[in-house]
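Residues per chain are reported as follows:
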Protein chains: 2
Amino acid sequence: MKRTKSRNIIKNILLNSSKSITALEIFEIAKKDGVTLSTIYRTLLTFEEENLIKKDVSPFTSKASYSWKEEEHGHILECIKCHKQIILDYCPFEEVNKEVEEKTGFTLEDENHVLYGLCSTCKEKNEKQK
Amino acid sequence: MKRTKSRNIIKNILLNSSKSITALEIFEIAKKDGVTLSTIYRTLLTFEEENLIKKDVSPFTSKASYSWKEEEHGHILECIKCHKQIILDYCPFEEVNKEVEEKTGFTLEDENHVLYGLCSTCKEKNEKQK
DNA sequence: TCTTAATTGCGAATTATTCGCATTTATCTC
DNA sequence: GAGATAAATGCGAATAATTCGCAATTAAGA
């Protein structure tokens, strides 16, 4: 993989982002340096093939977002109401995945990096409404 | 919610499908009865709002697929190589989700119904290649 | 049966993503 | 460091999934 200016810029944006971001969000930041949207999509594909980033697609918005893979395999929790994201610095599924594999022969891989739910604030609001 | 011919047709297609299917796949079956693609999309949206179906989006193909919600909350395992789907008739995540909630205050909801991985056949093939 | 709001069909619009092709650039060899 | 070559990029057009607007139809209830 060639090291190019565009790739560096995109990599840094991903590294500096505290959340999983879309191609368009990357473009908003990178366009001032002349990086094209097609380059961004192509670069993200390359990074994905090189296993450097994780692509997630929200079932709520159908939008793809990307995050740099950290050393330790963790997750991002995203609130489906306020879209706040918080980091979970470990993977809670390792045990369970093993269990499923034993039962079904099916190896769960590459579970979604972004997990959806309600943050405590939005959950409280939700319950008050009822 | 009005009961209409289209909705019945779409509901039955979902009920009879052994896998999570896309709007287009539904259309292929339903078009002989004159059901439009826009009706299918709108109906799926309605069903989703009524909490009757689950929408999933594959991070591999970015395609949305839909499945009727069963009484007991289970999952579908889809192989990322051969796209075979098998049914997991329970949810392996209940314990883990509770654990995450205790640690973070974040309530995991609506985890993906479709889980991705490798079926045993494709996994063996994969390992032979190495 | 009549009324009304919800649903549908149709085609056009939108949006994210991919593609083709000419041009540029990083890397490798000498 | 100069030249050769494949890889990467920019640009705009093409594609594909999904949504929308609006007029016509239909289910449900009075």
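Residues numbered from 1 in each chain as written. Chains lettered and ligands numbered in written order. Predicted model: local features only at pLDDT ≥ 70, side-chain atom pairs only at ≥ 80, totals over all residues. Heavy atoms only, no water.

A word on unusual backbone geometry
All names here are of chain A. The phi dihedral of S62 falls on the positive side, at around 60 degrees, and the residue is not glycine. Its location among the elements puts S62 in the loop between β1 (53-57) and β2 (64-68). The exposure class of S62 is partly exposed, given its relative accessible area of 34%. (Helix = DSSP H or I, 4+ residues; strand = E, 2+ residues; numbered from the N terminus. Buried < 20%, exposed > 50% of the residue type's maximum accessible area, 1.4 Å probe, protein only.)

A closer look at the protein's contact with DNA strand D
As a structural note, the neighbourhood of DNA strand D is formed by 18 residues, with T4(A), R7(A), T39(A), R42(A) and Y41(B) the closest of them. Considering DNA strand D, the proportion of its atoms within 4 Å of the protein that are sugar or phosphate atoms stands at 64%. Contact between DNA strand D and K2(A): a base nitrogen at 3.0 Å from a side-chain N or O atom of the residue. Take R7(A): an N or O atom from its side chain is 2.7 Å from a phosphate oxygen of DNA strand D. Elements that contribute at least two residues to the surface near DNA strand D include exactly α1 (5-16) and α3 (37-49) of chain A together with α3 (37-49) of chain B. Here the surface near DNA strand D is built from residues that sort into three nonpolar, eight polar and seven charged. (Near = heavy atom within 4 Å. Polar contact = N/O pair within 3.5 Å; in protein donor to acceptor, adjacent residues only side chain to side chain. Nonpolar A, V, L, I, M, F, W, Y, C, P; charged D, E, K, R; others polar.)

A short note on the pairing of strand β3 (residues 75-79) of chain B
Residues and elements named next belong to chain B. Extensive coverage of β3 is indicated by the burial of five of its five residues. Neither face of β3 is left uncovered, since the one carrying H75, L77 and C79 and the one carrying I76 and E78 both have all their residues buried. With four bridges connecting them, β3 and strand β4 (residues 85-88) associate as antiparallel partners. What sits directly across from E78, in β4, is Q85. In this sheet, strand β6 (residues 114-118) lies alongside β3 in parallel orientation, the contact comprising four bridges. (Pairing = 2+ DSSP bridges.)

Side note on the protein's contact with DNA strand C
With respect to spatial proximity, 17 residues lie near DNA strand C, and among them Y41(A), T4(B), R7(B), T39(B) and R42(B) are the closest. In DNA strand C, atoms within 4 Å of the protein come 64% from sugar and phosphate. Contacts to DNA strand C include R3(A), whose backbone N or O atom sits 3.2 Å from a phosphate oxygen. Here a phosphate oxygen of DNA strand C and a side-chain polar atom of T4(B) are 2.7 Å apart. For the surface near DNA strand C, the secondary-structure elements that each account for two or more residues are α3 of chain A together with α1 (5-16) and α3 of chain B.

Regarding the layout of surface pockets
Counted as a void, the largest pocket has a volume near 740 Å³. Contributing to the lining of the largest pocket are 31 residues, with I53(B), K54(B), S67(B), K69(B) and H113(B) lying nearest its centre. If you list the elements that add at least two residues to the lining of the largest pocket, you get α1, α3, β1 (53-57), β2 (64-68), β3 and β4 of chain B. It is β1(B) that contributes the most residues to the lining of the largest pocket, three residues altogether. Residue contributions to the lining of the largest pocket reach at least three from each of two domains, namely domain 1 (1-69) and domain 2 (70-130) of chain B. Quantified by volume, the second largest pocket comes out at close to 450 Å³. In terms of lining, the second largest pocket is formed by 26 residues, of which the most central are W68(A), K69(A), E70(A), G74(A) and H113(A). Going through the elements one at a time, α1, β2, β3 (75-79) and β4 (85-88) of chain A are the ones with two or more residues in the lining of the second largest pocket. The greatest single-element share of the lining of the second largest pocket, amounting to three residues, is contributed by β2(A). By residue class, the composition of the lining of the second largest pocket is eight nonpolar, nine polar and nine charged. Two domains each donate at least three residues to the lining of the second largest pocket, and these are domain 1 (1-69) and domain 2 (70-130) of chain A. (1 Å grid on protein atoms, 1.4 Å probe; cavity = no way out; pocket = protein on both sides within 12 Å on 5 of 7 lines; lining within 4 Å. Points joined across faces, edges and corners; volume = space filled by probe spheres on them. Domains from an automatic or database assignment.)

Re the domain arrangement of chain A
When the parts come together, some accessible area is lost, and that loss is often what is quoted as the size of the interface. Residues and elements named next belong to chain A. Along its sequence, chain A is organised into domain 1 (1-69) and domain 2 (70-130). Put simply, the middle of domain 1 and the middle of domain 2, counted by C-alpha atoms, are 22 Å apart. Contacts between the two partners involve twelve residues from domain 1, matched on the other side by twelve residues from domain 2. Carbon and sulfur atoms make up 55% of the surface buried where domain 1 meets domain 2, a total of about 1,000 Å² over both sides. Put simply, domain 1 and domain 2 have zero salt bridges between them. Linking domain 1 with domain 2 are five residue pairs in polar contact (both at pLDDT 80 or more). Broken down by secondary-structure element, the contributors of at least two residues to the side of domain 1 that touches domain 2 are β1 and β2. Top element by residues in the side of domain 1 that touches domain 2 is β1. It accounts for three residues. Its residues assigned to classes, the side of domain 1 that touches domain 2 comprises four nonpolar, four polar and four charged. (Contact = heavy atoms within 4.5 Å. Buried area = accessible area lost by both parts, 1.4 Å probe. Salt bridge = Lys/Arg side-chain N within 4 Å of Asp/Glu carboxyl O.)

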